[in-house]
Amino acid sequence: MKITPADDNTTYDCLVLTIGPDDDWSPALERLDKQCGGVLSRAAAAGGISRKPADTTLVPLPESAGHGSLLLIGSGEQDPAEIDVATAFQLGSVAGRTLSGRPRKHVAIDLGAGLSDEAAEALVAGAITGTGGQALYQSEPKRFAPESIAFAHVSAAALRSGQTVGESIEVTRRLVNEPGNVIYPASFAEAARKVAEECDLEIEVWGEDRLQQERCLAMLAVGQGSVHPPRLVKLSYRGDERSDAPTIALVGKGVTFDSGGLSLKPSPSMLDMKMDMAGAATVLGVVRCLALLKIPCNVVGYMGLAENMIDGRSYRLGDVIKTRSGKTIEIHNTDAEGRVVLADVLDVAVEAKPQAVVDLATLTGACLVALGTRTAGLMGNDQALQQAIQQAADQQGEYVWPLPMHSFFDEQVRSKVADLRNVGEGRWGGAITAAKFLEAFVGDSKWLHIDIAGPAFADSATAERDAGATGAMVRTLVHWLRSRG
Ligand code: BES
Ligand code: MN
Ligand code: ZN
């Protein structure tokens, strides 16, 4: 799919324009209405055009209009300059998704003059993600990315950066949507290598031998029931060459398939567990995006990859595992595997003394119970870090909410046999006890844990995106790292 500037002399298969809440129409819409003899004003008078924000109306156009059809989207704002980043992304997504409903060659999107550069970038990114989806393996596709999408009133810079953001979200989504027989630790690591090559990044992939040498016994334990052994990927981006420049560590849970292990999941809960590597895929998408945008910051992405399977060699309930940090874990439930993987990955990450550690993980069903399917849970040990990420999410229109980390939860992850147990005592506050477990491995680093079990993967489609992987938090983290100054 080509992303280009729009051009007045080109005829498009479909032109996307917006309609504000008031009676005044944009100059582009007025012009088009004249060209086609008032068809649009008659349609509006007959009540055939919705002005509601993000509502769409598809109008076939007569010859005289030049373009094949018009897609009108309610923008919620009369003045394009008032369209914020979150809305622009949404409008782009709705446009992209609607346009990809049938094959089209060249389409154009015009939100009007005055759109801010930030909003324009989000519009382009949204349009790209709107065309993507989970139907990767249908012999007869039902979604068709247009050959090209042209944008009016979008600067060359916003066009380029919007494309980078959109395509990075798609890298994340694609990996999450791929099934477990395609994406396993080694093949995920290969995908990361490709990104490293594309973006000229330094990459290290730890295989079994290195994981043994490094005493990453927790990661190895989770993966020991699988024919696909674990990997730890470390992907480094240096965009700030100053010798005293800080580094941010991003850590992702990459359980490429979570059967639950011996604490086997029932089939309905297991079906979507190819998505349990969304944290790692998010880290990969973010680092790719930062590198291609050349954001002046230093980030190391750590992806903890393992497959949680059931087998004669699987790790057991009651097993005691010595983590890389030296702390021991007693396994109470093999389905609480993400935190066991992250115990080692966090230890590797904090060893390098980053300025902050942010981990992303589809960690707990309890977080879905607490916050629903669309909101990520924030838990950590640093108020300022948490607020900064919450602000970035608000600005981008992604949903996050803090959960409390009161010290009385600490006791709930203590074991009678080992230092820690991998599930909380009692089932209440499961998202928090999981975070408390992670906290034991971050030392005195500033740290934020983002539980994306809800928002990473959707059961059903919306007007903005297909069901399946969402790419949640890529934009938030990119924005946070860009705006840190
Ligand atoms: N990957 C799951 C969490 C999950 C659930 C993600 C639903 C996305 C949707 C995680 O490994 C898990 O199984 N957690 C258990 C923890 C429990 C055994 C303490 C859970 O949430 O049930
Ligand atoms: Mn699990
Ligand atoms: Zn899991």
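Scroll up to find the structure this text is about.
Residues numbered from 1 in each chain as written. Chains lettered and ligands numbered in written order. Predicted model: local features only at pLDDT ≥ 70, side-chain atom pairs only at ≥ 80, totals over all residues. Heavy atoms only, no water.

> Would you explain the overall build of the protein chain in this entry?
Looking only at helices and strands, the protein chain has 15 helices and 19 strands in total. For 485 residues, the compact-globule formula gives about 23 Å, and the C-alpha radius of gyration of the protein chain, at 24 Å, lands near that figure. With the principal axes as the frame, the protein chain shows a C-alpha extent of 80 × 50 × 40 Å. Going through the 485 residues of the protein chain one by one, you find that 57% of them count as buried. (Helix = DSSP H or I, 4+ residues; strand = E, 2+ residues; numbered from the N terminus. Rg over C-alpha atoms; globule rule 2.2 N^0.38 Å. Buried < 20%, exposed > 50% of the residue type's maximum accessible area, 1.4 Å probe, protein only.)

> Would you take a moment to explain the sheet that holds strand 11 (residues 320-322) for this structure?
Hydrogen bonds between backbone groups are what pair the strands of a sheet, and the pairing can be parallel or antiparallel. Spatial ordering of the open sheet is given by 11-12-16, a layout of three strands whose pairing is mixed. Strands at the two margins of the open sheet, each flanked by one partner only, are strand 11 and strand 16 (420-421). Across two bridges, the pairing between strand 12 (residues 328-330) and strand 16 is parallel. Bridge pairing in strand 16 links glutamate 330 to arginine 421. (Pairing = 2+ DSSP bridges.)

> What is the right way to look at the coordination of the manganese ion (ligand 2) in this model?
Around a metal, the perfect tetrahedron of four donors has angles of 109.5 degrees, and the perfect octahedron of six donors has angles of 90 or 180 degrees. In the first shell of the manganese ion (ligand 2), the protein supplies Asp258 (OD), Asp335 (O), Asp335 (OD) and Glu337 (OE), at 2.1 to 2.2 Å from the metal. Summarised as a motif, the one-chain spacing of the donors to the manganese ion (ligand 2) is D-x76-D-x1-E. The two metals, the manganese ion (ligand 2) and the zinc ion (ligand 3), are separated by 3.1 Å and share aspartate 258 as a common coordinating residue. (Donors = N, O, S within 2.8 Å, 3.2 Å for Na, K, Ca; no water.)

> Help me out: how do you make sense of the pattern of salt bridges in this one?
Any two side chains of opposite charge can pair if their charged atoms end up close together. Counted by the stated rule, this structure contains 20 salt bridges. One salt bridge connects glutamate 439 with lysine 436, and the closest N-O pair in it is separated by 3.2 Å. One end of the pair is glutamate 439 and the other is lysine 436, both in helix 14 (residues 430-439) and three residues apart, which spans about a single turn. In this structure lysine 436 comes out as buried when scored by relative accessible area, which is 6%. Residues joined by salt bridges that share partners form a network here, namely Glu204, Arg210, Glu214, Arg324, Asp347 and Glu351. (Salt bridge = Lys/Arg side-chain N within 4 Å of Asp/Glu carboxyl O.)

> Quick question: what am I supposed to make of the sheet that holds strand 8 (residues 231-238) here?
Strand order in the open sheet formed by eight strands is 7-8-10-9-13-17-14-15, and the pairing between neighbours is mixed. The sheet terminates laterally at strand 7 (202-206) and strand 15 (400-402), the two strands that pair on one side only. Across the sheet, the mean angle separating the axes of adjacent strands is 20° when strand polarity is ignored. With eight bridges joining them, strand 8 and strand 10 (residues 298-308) adopt antiparallel strand pairing. Across the sheet, the residue bridging to valine 233 is methionine 303, located in strand 10. Packed on one face of the sheet, helix 11 (residues 338-351) meets strand 7, strand 8, strand 9 (247-258), strand 10, strand 13 (356-361) and strand 17 (447-451) and runs near 155° to strand 9. (Axes fitted to C-alpha atoms, helices over the stretch in contact; angles between N-to-C directions. Contact = heavy atoms within 4.5 Å.)

> Looking at this structure, I do not really get the coordination of the zinc ion (ligand 3). What am I missing?
Donor atoms from the polypeptide that bind the zinc ion (ligand 3) are Lys253 (NZ), Asp258 (OD), Asp276 (OD) and Glu337 (OE), placed at 1.9 to 2.4 Å. Viewed at the metal, the six donor atoms of the zinc ion (ligand 3) are separated by angles of 78 to 175°, and the geometry they form is octahedral. Expressed as a motif, the donor residue spacing for the zinc ion (ligand 3) is K-x4-D-x17-D-x60-E. (Tetrahedral: all angles 85-135°; square planar, octahedral: opposite > 155°, others 65-115°.)

> Help me out: how do you make sense of the packing of helix 5 (residues 156-177) against helix 15 (residues 474-482) in this one?
To characterise two packed helices, one gives the angle between the axes of the helices and the distance between these axes. Relative to each other, helix 5 and helix 15 sit at 135°, their axes nearing to 10 Å. Classified by the interaxial angle, the pair formed by helix 5 and helix 15 is oblique. Crossing of helix 5 over helix 15 shows right-handed handedness. Facing helix 5, whose interface residues are Ser161, Val165, Ile169 and Thr172, helix 15 presents Val474, Arg475 and Arg482. Here the contact of helix 5 with helix 15 is built from residues that sort into three nonpolar, two polar and two charged. (Parallel < 35°, antiparallel > 145°, perpendicular 65-115°, else oblique. Left-handed = near helix turned anticlockwise from the far one by under 90°. Nonpolar A, V, L, I, M, F, W, Y, C, P; charged D, E, K, R; others polar.)

> What's the story with the pairing of strand 2 (residues 14-19) in this structure? I'm lost.
Note on strand geometry: in a regular strand, side chains alternate between the two faces of the sheet. The element strand 2 is extensively covered by neighbouring structure, given that six of its six residues are classed as buried. Residue alternation in strand 2 divides its side chains into two sets, Cys14, Val16 and Thr18 and Leu15, Leu17 and Ile19, and both sets are buried. Strand direction decides the pairing type here: strand 2 and strand 4 (residues 69-74), joined by six bridges, are parallel. Counted as the bridge partner of leucine 15 is leucine 70 from strand 4. Judged from the four bridges that link them, strand 2 and strand 5 (residues 106-110) form a sheet pairing that is parallel.

> Explain helix 1 (residues 27-35) here, please?
Since the α-helix advances by 3.6 residues per turn, residues separated by three or four positions end up pointing in the same direction. Taken as a whole, helix 1 has its buried residues at Ala28, Leu29, Leu32 and Asp33. Buried residues of helix 1, viewed axially, fall in a sector of 135°; they line one side. Exposed and facing more than 90 degrees away from the buried side of helix 1 are Pro27, Arg31 and Lys34. Lining the buried residues of helix 1 we find strand 2, helix 2 (39-45), strand 4 and strand 5. (Arc of directions from axis to C-beta.)

> Even after reading the chapter, I still don't get the packing of helix 11 against helix 14, so can you show me in this structure?
Packing of helix 11 against helix 14 brings their axes to within 9 Å, and their N-to-C directions diverge by 30°. Taken as axis vectors, helix 11 and helix 14 run roughly parallel relative to one another. For the crossing formed where helix 11 meets helix 14, the hand is right-handed. Along the contact surface, helix 11 presents Arg339, Val340, Leu342, Ala343 and Leu346, while helix 14 presents Ala434, Phe437 and Leu438.

> I tried to follow the side chain of arginine 339 on my own but got confused; where do I start?
For arginine 339, the position within the fold is in helix 11. Buried charged residue arginine 339 carries no salt bridge. Nearest counter-charge: glutamate 337, at 7.3 Å. (Lys, Arg positive; Asp, Glu negative; His and termini not counted.)

> Looking at this model, I keep getting lost on the pairing of strand 10. Mind explaining?
Along strand 10, 11 of the 11 residues are buried, which leaves the element largely enclosed by surrounding structure. Alternating residues of strand 10 divide into Asn298, Val300, Tyr302, Gly304, Ala306 and Asn308 and Val299, Gly301, Met303, Leu305 and Glu307, and every residue in both groups is buried. For strand 9 and strand 10, the ladder comprises 11 bridges, and the chain directions are parallel. By the bridge assignment for strand 10, glycine 252 is matched with methionine 303.

> Please explain the site of ligand 1 as it appears in this structure.
Lys265, Asp276, Asp335, Glu337 and Gly365 are the nearest of the 17 residues found near ligand 1. Residue lysine 253 places a side-chain N or O atom 3.2 Å away from an oxygen atom belonging to ligand 1. Within the complex, the protein chains bury 76% of what would otherwise be the 510 Å² of accessible surface of ligand 1. Of all the elements in the fold, those that place two or more residues in the shell around ligand 1 are strand 9 and helix 12 (365-371). Within the shell around ligand 1, the residues separate by chemical class into six nonpolar, four polar and seven charged. (Near = heavy atom within 4 Å. Polar contact = N/O pair within 3.5 Å; in protein donor to acceptor, adjacent residues only side chain to side chain. Areas by Shrake-Rupley, 256 points an atom, 1.4 Å probe, with all protein chains shown as cover.)

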